[in-house]
Amino acid sequence: MSAPPVSQNGEPLPLARQVSSTIYPDLKLLDFKYTLASMQYGQFITHDISLAAGSSQIKARTTKCCSKSGQLQSDADDRNRCLPIILPKNDPQRKDNRECIEFVRSRTDRDLGCGSNGKPVEQINTVTSWLDLSLIYGNSEELNHQLREFKGGRIRVSKRDGKEWPPDTPNLSVLCDPEPGKKSPNVCYSTGDVRANQNPQLAVFQVIWLREHNKVVDGLAAQNPKWSDEKLFQEARKICIAEHQYIAYYEWLPIHLGALNAYHKKLIYDTDQFVNDYRSDMNPNVINEFTTAALRYFHSAIAGHLDIISSIRLTQGSLRLSDYFNNVDILEENGNFDGLTVSLATQPQYNVDNFHDSEVTQFLFRHMMKFGGDLKSADIQRSRDHGLASYNDARELCGHKRATTFLDFADLILLPLVLKLEILYKSVDDVELTVAGSIENHIPGALAGPTFLCIMAEQFTRTRVGDRFWFENGDQGTGFTLDQLNSIRQVRLSRLLCDNGNDIKYMQPNVFKQIFIGNYLQNCDPLPSVDLSLWKDKTRLRHQKLNTKNECDDLEFVKK
Ligand code: HEM
C-alpha cells in the first residue's frame with residue numbers, strides 16, 4: 001500500500017547511495033552544444049508543474065530522520081515519515097563519522113485522510129500541473145493576491161539600485177540559508193514558488209519573469225490607459241504564460257525530445273494558424289514516473305560551478321554551487337545579476353549522461369558543513385518512496401521487449417552498464433526505472449533514451465492537450481487573435497534576457513545553444529519581441545468612431 005519496494009526474493013534493494021556511487025560517478029564532461037540555460041530552464045519548467053507534497057527541495061525539514069551531521073534520529077524507524085539514505089560502509093562520508101543522509105517521505109492522500117482503503121497511496125502535487133507560470137503567479141488565489149500590487153496590473157517588487165526584485169520574504173530562515181555573521185541584510189525572495197532561492201540561476205529566471213510581467217503590463221497600460229488593474233494583470237499574465245509555453249515547447253522541448261520526435265508526436269506544429277487540440281477527457285496531472293524519474297534525468301546536466309561572465313563574454317569570476325544553495329545575495333552584489341544571466345547563455349551545461357557533479361552528489365545543501373546530501377540518491381530513494389513502476393514494466397509499456405535476463409537489457413543499454421546493473425540487482429524485475437532509464441543510449445537528436453522519451457512525450461502531450469487555455473487554441477472567448485498569436489510565436493528567451501537583465505546589450509538568438517555558426521552573438525535590439533500594439537483595444541476604438549459618426553445602427557449591426 002505504501003511500503004517501499006523490496007527485491008523479488010524479499011531481500012532489501014541495494015542501498016540507494018550504493019547505486020548512486022556505482023552508476024553515477026563524478027566526471028565533469030561538458031556538453032559541446034547546449035548552455036546552462038538549457039539545464040536551468042528545465043528546472044524552471046519543473047517548478048511550474050510539479051512539487052511533491054512533503055519532499056524538501058530546498059533544505060532539511062523539521063521532521064528529522066537523519067541529523068545534519070549525519071546521525072540517525074529517533075524518528076528514523078518511523079516508516080510513514082522517514083526513509084533515511086544509509087551510507088554504505090565504504091562511503092567517503094563515513095570517514096566524517098556520518099551514517100546517513102536526511103530523507104523525509106512525500107505526503108500522500110492517506111496522510112490527508114482522503115485515500116481509499118485497499119488502494120496504494122498516491123503522492124500529491126502541490127502546484128498546478130499546467131504550464132501556467134504558477135511559480136511567478138502563485139498556486140492559489142490567496143498567494144496570487146499577496147504577490148500582486150493591485151495597481152496598474154503589476155506584481156509587487158522591491159526596488160534596489162533602481163531595479164525591480166521580488167519582495168523579501170518574512171520567512172528568511174525557512175526559505176533561505178543566510179550567511180552567518182554577514183553584516184549587510186540577506187536577500188531571500190518571496191515569489192509564487194517556495195523553491196525560488198534554491199540556487200542562484202534559478203532565482204535569475206524568477207527575476208527575469210517577474211520583470212517580464214511588469215514590462216508587459218506597462219506596455220499594455222500605455223496602449224490602453226483606461227484598462228483596470230484587473231484587466232491589465234490578467235492580460236499581461238495571459239501573454240506571459242503564452243510566451244513561456246512557446247519557449248518551453250518550441251525552444252526547449254525540441255532539444256530534449258528531438259525536434260522531429262516532438263513534431264511527429266504533435267507536441268509542436270509548423271503553422272501560422274490556430275491549433276486547437278484540447279481534449280476535455282485528458283487528465284493533465286503530472287505522471288509520477290515522469291516527475292520522479294524521467295524529468296529528473298536532466299539533473300546530470302547541472303554544473304557544480306557557476307561562472308560570472310561579462311556582456312562581451314569574458315569570464316570575470318566563478319562560484320561554487322554548494323556555497324550558494326538557498327542564498328541568492330550574490331545576484332544583487334557587484335552587478336552579478338547580468339554576469340549570472342550571461343553565464344546562463346554562455347557556460348556549457350554538463351553532458352546529459354550517467355555522470356553527476358559532486359557538488360550535487362556529495363555537497364547538496366551542505367550549508368557550512370563539510371558534506372551535504374546526494375541528489376542522485378535522493379532521486380532513487382524518492383522513486384522507492386513513491387512506489388514507481390519497475391524499469392521492466394515501463395520499458396514494456398513503452399513498446400520494448402520485457403527482459404528476462406540482464407543481457408536482454410543490452411538492446412538499449414551499453415554492456416558495461418548492464419553488467420553494473422547485474423552486480424547491484426538480484427533480478428531483472430528489481431531494476432529501477434530511475435536508474436536503468438538514465439543509462440539507456442540516447443535516441444539520435446534527443447537527450448534521452450527511448451523509455452524516458454516515451455514517458456516525457458506522454459506527459460508533454462497531457463500538459464498541452466489537457467490545457468483548455470493552451471496559447472495556440474484560438475478560443476473565441478479566452479484565446480488570442482491570430483495576429484497576436486503569431487506575434488507571440490516570434491518570442492525568444494534571448495529577448496527576455498536582454499529586456500529584463502540590468503543592462504545586457506548582446507545575446508545569441510537561441511540561448512539554449514552555444515554561440516556557433518548560425519547562432520552568433522548579436523545586438524539585442526533586432527531580436528524579436530511581442531508586438532503589444534496588437535493588444536490596443538480595437539472594440540473601444542471602433543465604438544468611438546461609430547459614435548462620432550453617429551452611426552449607432554451600424555454598431556448594433558456589428559454587435560449582432
Ligand atoms: C542546480 C540545479 C538543481 C538542483 C539543485 C535540484 C535539486 C532538486 C532537489 C533537491 C529535488 C528534490 C529531491 C527529492 O528529495 O526528491 C529535486 C526534484 C526534482 N528536480 Fe531538480 N534540481 C536541479 C535541476 C533540475 C533540472 C535541470 C531538472 C529537469 C530538467 C530537475 C527536475 C526535477 C524534478 C522533476 C524533480 C521532482 C519535483 C517534484 O515533483 O517534487 N531539476 N531537484
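Definitions and limits used
- Residues numbered from 1 in each chain as written.
- Predicted model: local features only at pLDDT ≥ 70, side-chain atom pairs only at ≥ 80, totals over all residues.
- Heavy atoms only, no water.
- Donors = N, O, S within 2.8 Å, 3.2 Å for Na, K, Ca; no water.
- Helix = DSSP H or I, 4+ residues; strand = E, 2+ residues; numbered from the N terminus.
- Buried < 20%, exposed > 50% of the residue type's maximum accessible area, 1.4 Å probe, protein only.
- Arc of directions from axis to C-beta.
- Contact = heavy atoms within 4.5 Å.
- Near = heavy atom within 4 Å.
- Polar contact = N/O pair within 3.5 Å; in protein donor to acceptor, adjacent residues only side chain to side chain.
- Disulfide = S-S within 2.5 Å.
- Salt bridge = Lys/Arg side-chain N within 4 Å of Asp/Glu carboxyl O.
- UniProt positions renumbered as here; feature names shortened; annotations may be inferred.
- Core = buried A, V, L, I, M, F, W, Y, C linked by side-chain atoms within 4.5 Å.
- Patch = residues over 30% accessible without salt bridge, like charges linked within 9 Å, V, L, I, M, F, W, Y side chains within 5 Å.
- Areas by Shrake-Rupley, 256 points an atom, 1.4 Å probe, with all protein chains shown as cover.
- Phe/Tyr/Trp six-rings, centres within 6.5 Å; stacked < 30°, edge-to-face > 60°.
- Lys NZ or Arg CZ within 6 Å of the ring centre and 35° of its normal.

Student: What am I meant to see in the coordination of the iron atom of the ligand here?
Tutor: Tetrahedral coordination by four donors places them ideally at 109.5 degrees to one another around the metal; octahedral coordination by six donors ideally gives 90 or 180 degrees. No protein donor other than His299 (NE2) coordinates the iron atom of the ligand, and that contact is at 2.1 Å. Within the secondary structure, His299 is located in the loop between α9 (288-294) and β6 (305-309).

Student: What is the right way to read helix α1 (residues 16-23) from this model?
Tutor: Residues that lie three or four places apart on an α-helix share one face, since the helix turns once every 3.6 residues. Within α1, burial applies to Ala16, Arg17, Val19, Ser20 and Ile23. Along the axis of α1, the buried positions cluster into a sector of 160°, meaning they face one direction only. On its buried side, α1 packs onto β2 (85-86), β3 (100-101), α11 (358-361), α12 (375-385), α14 (415-424) and α15 (433-436).

Student: Help me out: how do you make sense of the site of the ligand in this one?
Tutor: Near the ligand, the surroundings consist of 20 residues, among which Ser50, Ala52, Gln57, His299 and Arg382 are the closest. At 2.8 Å from an oxygen atom of the ligand is found a side-chain nitrogen or oxygen belonging to Thr291. Looking at the shell around the ligand, the elements with two or more residues in it are α2 (36-49) and α12. Among the elements that line the shell around the ligand, the one with the most residues is α2, at 4 residues.

Student: Whenever I open this one, the state of the cysteines confuses me. Can you help?
Tutor: Working definition of a disulfide: a covalent bond connecting the sulfur atoms of two cysteines. Tallying each qualifying case throughout the model produces 5 disulfides. Shown here is the disulfide that connects Cys498 with Cys524, its sulfur atoms set 2.1 Å apart. The sign of the -70° torsion about the S-S bond sets the Cys498-Cys524 disulfide as left-handed. Highlighted residues: Cys498 in helix α18 (residues 493-500) and Cys524 in the loop between β10 (522-523) and α19 (538-548), separated in sequence by 26 residues. The class of Cys524 is buried, set by a relative accessible area of 5%. Listing the disulfide partners of the protein by sequence rank of the bonded cysteines yields 1-3, 2-4, 5-6, 7-8, 9-10. Here Cys240 stays free of any disulfide, with the sulfur of Cys498 as its closest cysteine sulfur at 16 Å. Accessibility expressed as a relative area gives 0% for Cys240, which makes it buried.

Student: Where do I start with the pattern of salt bridges in this structure?
Tutor: Pairs can form between side chains of opposite charge once their charged atoms are near each other. Counted according to the given criterion, the structure contains 33 salt bridges. Across the salt bridge formed by Arg160 and Asp168, the nearest N and O atoms sit 3.7 Å from each other. Looking at Asp168, the relative accessible area reads 37%, which means it is partly exposed. The partner of Asp281 in a salt bridge is Arg279, and the shortest N-O contact between them spans 3.0 Å. In this structure Asp281 comes out as exposed when scored by relative accessible area, which is 57%.

Student: Help me understand the environment of Thr46, please; the structure alone is not making it clear to me.
Tutor: Residue placement: Thr46 occurs in helix α2. Once the C-alpha coordinates of Thr46 and Met282 are considered, the two residues, 236 residues apart in sequence, prove to be 20 Å apart.

Student: Explain the UniProt feature "binding site: heme b" (unreviewed entry) in the protein here, please?
Tutor: According to UniProt, the positions carrying the feature "binding site: heme b" (unreviewed entry) are His299. If we skip the residues at most four places from it in the chain, His299 touches His356, Leu375 and Asp379.

Student: Hey, could you run me through the nonpolar core in this one?
Tutor: The tendency in soluble globular proteins is for nonpolar side chains to be buried as a group. Of all hydrophobic cores here, the largest spans 134 residues; its most connected members are Leu421 and Met456. Broken down by element, the residue count for this core peaks at 16 residues, all from helix α7 (residues 229-257). If we skip the residues at most four places from it in the chain, Met456 touches Leu257, Phe290, Ala294, Leu295, Phe298 and Ala448.

Student: Sorry, what's going on with α12 here?
Tutor: In terms of burial, α12 is largely enclosed, as 11 of its 11 residues are buried. Every buried residue of α12 is listed here: Leu375, Lys376, Ser377, Ala378, Asp379, Ile380, Gln381, Arg382, Ser383, Arg384 and Asp385. For α12, the side-chain oxygen to backbone nitrogen distance between the N-cap and Lys376 is 2.9 Å, and the N-cap itself is Asp374. Positioned one or two residues after α12, Gly387 has a phi angle of 60°, which is positive.

Student: Can you walk me through a nonpolar patch on the surface in this structure?
Tutor: A contiguous nonpolar surface patch, about 840 Å² in accessible area, is contributed by Ile312, Leu314, Tyr506, Ile515, Phe516, Ile517, Tyr520 and Leu521. When you line up the elements, Phe516 lands in the loop between β9 (506-507) and β10.

Student: Help me out: how do you make sense of the packing of aromatic side chains in this one?
Tutor: Each aromatic ring pair is summarised here by two numbers: the centre-to-centre distance and the angle between the ring planes. Per the counting criterion, the structure on display carries 21 aromatic pairs. On the basis of an interplanar angle of 75° and a centroid distance of 6.0 Å, the ring pair of Phe480 and Trp535 is categorised as edge-to-face. Taken together, the residues span a long stretch of sequence, with Phe480 in the loop between α16 (450-465) and α17 (482-488) and Trp535 in the loop between β10 and α19 at a distance of 55 residues. Both residues of the pair, Phe480 and Trp535, count as buried. Taking NZ or CZ as reference, Arg211 lies 4.6 Å from the ring centre of Trp165, over its face. Over the ring of Phe480 we find Lys238, and its NZ or CZ is 4.8 Å from the ring centre.

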